[in-house]
Amino acid sequence: QVQVVESGGGLVQAGGSLRLSCAASGRAFSTYGMGWFRQAPGKEREFVAAISWSGSVTEYADSVKGRFTISRDNAKNTVYLQMNSLKPEDTAVYYCAASNRVVARLAYEYHYWGQGTQVTVSS
């Protein structure tokens, strides 16, 4: 089992940057695919980015491609989401999750979820 805790959210102006972190504890973190999702008020949770256990494979939602970068440091049991050129529509609660799949885009493929961290982008 894996426990994950997100951090790094906050308030930023449009065009700014934030880096989210996801600290994981538990067994064999380096064997899990990891992902970031987000949920805005009144909207469904949506996929943002995913990374394979080795870090060699990454996937992104079209809405963040070229602006966000997912990475991981297995020695630190941590996954990161670097968010640049932020837009007001990126405002949401961001969730980190762990999957038994190599890399996954669908929420049901993730088995362990954090509590989320709020990101607010002002215009």
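Refer to the preceding data block for the structure.
These numbers come from a predicted model, not from an experiment. (Residues numbered from 1 in each chain as written. Predicted model: local features only at pLDDT ≥ 70, side-chain atom pairs only at ≥ 80, totals over all residues. Heavy atoms only, no water.)

1. Here's the deal with the state of the cysteines
All chains considered together, the criterion is met by 1 disulfide. For C22, the disulfide goes to C96, at an S-S distance of 2.0 Å. A torsion of -75 degrees about the S-S bond marks the disulfide between C22 and C96 as left-handed. One end of the pair, C22, is in strand β3 (residues 18-26); the other, C96, is in strand β9 (residues 92-99), with 74 residues separating them in the sequence. (Disulfide = S-S within 2.5 Å. Helix = DSSP H or I, 4+ residues; strand = E, 2+ residues; numbered from the N terminus.)

2. What about the sheet that holds strand β1 (residues 2-7)?
Reading across from one edge, β1-β3-β8-β7 is the order of the 4 strands in this open sheet, with antiparallel pairing throughout. The sheet terminates laterally at β1 and β7 (68-73), the two strands that pair on one side only. Across the sheet, the axes of successive neighbouring strands diverge by a mean angle of 15 degrees, strand direction being ignored. Bridging between β7 and strand β8 (residues 78-83) involves 6 bridges; their strand directions are antiparallel. (Pairing = 2+ DSSP bridges. Axes fitted to C-alpha atoms, helices over the stretch in contact; angles between N-to-C directions.)

3. So, the packing of aromatic side chains
What the rule picks out here adds up to 5 aromatic pairs. Each residue in the set F37, F47, Y110 and W113 is aromatic and connected to the rest through ring pairs, giving one cluster. The ring of Y95 has R45 lying over it, and the distance from NZ or CZ to the ring centre is 3.8 Å. Against the face of F29 rests R72, its NZ or CZ located 4.6 Å from the ring centre. (Phe/Tyr/Trp six-rings, centres within 6.5 Å; stacked < 30°, edge-to-face > 60°. Lys NZ or Arg CZ within 6 Å of the ring centre and 35° of its normal.)

4. Examining the pattern of salt bridges
Tallied over the full model, the rule gives 6 salt bridges. The salt bridge partner of D90 is R38, with a shortest N-O separation of 2.9 Å. In this pair, D90 is assigned in the loop between β8 and β9 and R38 in strand β4 (residues 33-39), connecting sequence segments 52 residues apart. By relative accessible area, which is 0% here, D90 ends up buried. A relative accessible area of 5% means that R38 is categorised as buried. (Salt bridge = Lys/Arg side-chain N within 4 Å of Asp/Glu carboxyl O. Buried < 20%, exposed > 50% of the residue type's maximum accessible area, 1.4 Å probe, protein only.)

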